[in-house]
Amino acid sequence: KQEVTQIPAALSVPEGENLVLNCSFTDSAIYNLQWFRQDPGKGLTSLLLIQSSQREQTSGRLNASLDKSSGRSTLYIAASQPGDSATYLCAVYNNNDMRFGAGTRLTVKP
Amino acid sequence: ETGVTQTPRHLVMGMTNKKSLKCEQHLGHNAMYWYKQSAKKPLELMFVYSLEERVENNSVPSRFSPECPNSSHLFLHLHTLQPEDSALYLCASSQGLAAYEQYFGPGTRLTVT
């Protein structure tokens, strides 16, 4: 059974810092990995989707990498802003099943 | 409207009530999903539909009954729920299964009293 772990559970940084969020999964047989952000009480917003054949994806200040063989993905956020404060979730997809991590709650202080 | 919409946004129901959650996607997608998000637990996939046919049911109790009348609409019928069913219920859609990005609605906050 696929298990997804996100470390750290919570992170607080001052504005302007670069930061890395980590995601690990136990079964490397995945179709893709997706990173989302969730604001309190809201739905999920898709940030980046990495297919199993890809190593990384970039969107603006965000860069996500995928190392399938080691079961790891990282989300790099450059020059963090207070508006980046949210919970970040990673999810892996395989065999019509999507498994989520518990998330990293990020706070960016002005 | 654009994206994925869900109604109602908030619902309070007693254990003997019957209610339904509605999801509509305006993206021309062919796959739709129901997820449950409980406090302090990771998101759990409940049901997957592709081209209006259920392709996955992750051992969800029968008091939750999904319905997908067409590729744009997805319902979750609720009856005789328990207080532990209180959660945020999220709907998502994607162009197809497997390799496609999922887009989520805002969710329905359900409280069972």
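In what follows, the structure referred to is the one given above.
These numbers were taken from a predicted model, which means no experiment stands behind them. (Residues numbered from 1 in each chain as written. Chains lettered and ligands numbered in written order. Predicted model: local features only at pLDDT ≥ 70, side-chain atom pairs only at ≥ 80, totals over all residues. Heavy atoms only, no water.)

Asker: Explain the pattern of salt bridges here, please?
Answerer: Side chains carrying opposite charge are able to pair once their charged atoms draw close together. Counted under the stated rule, the structure contains five salt bridges over all chains. With a closest N to O distance of 2.8 Å, Arg-99 of chain A and Asp-97 of chain A form a salt bridge. Residue class for Arg-99 of chain A comes out partly exposed when judged on its relative accessible area of 26%. When its relative accessible area of 15% is taken as the criterion, Asp-97 of chain A is described as buried. Residue Arg-63 of chain B pairs with Asp-85 of chain B through a salt bridge whose shortest N-O separation is 2.7 Å. Here Asp-85 of chain B lies in the loop between strand E8 (73-79) and strand E9 (87-94) and Arg-63 of chain B lies in the loop between strand E6 (53-57) and strand E7 (64-70), a separation of 22 residues in the sequence. (Salt bridge = Lys/Arg side-chain N within 4 Å of Asp/Glu carboxyl O. Buried < 20%, exposed > 50% of the residue type's maximum accessible area, 1.4 Å probe, protein only. Helix = DSSP H or I, 4+ residues; strand = E, 2+ residues; numbered from the N terminus.)

Asker: Help me understand the packing of aromatic side chains, please; the structure alone is not making it clear to me.
Answerer: What describes a pair of aromatic rings is the distance from one ring centre to the other and the angle between the planes of the rings. Here the structure, examined in full by the defined rule, presents eight aromatic pairs over all chains. Taking 6.3 Å as the distance between ring centres and 85° as the angle between the ring planes, the aromatic pair formed by Phe-100 of chain A and Phe-104 of chain B counts as edge-to-face. Of this pair, Phe-100 of chain A sits in strand E10 (residues 97-100) while Phe-104 of chain B sits in strand E10 (residues 103-104), which puts the two residues in different chains. Overall, Phe-100 of chain A belongs to the buried group, its relative accessible area being 5%. The exposure class of Phe-104 of chain B is buried, given its relative accessible area of 10%. Among the aromatic residues, ring-to-ring pairing joins Phe-36 and Phe-100 of chain A together with Tyr-33, Tyr-35 and Phe-104 of chain B into one connected group. (Phe/Tyr/Trp six-rings, centres within 6.5 Å; stacked < 30°, edge-to-face > 60°.)

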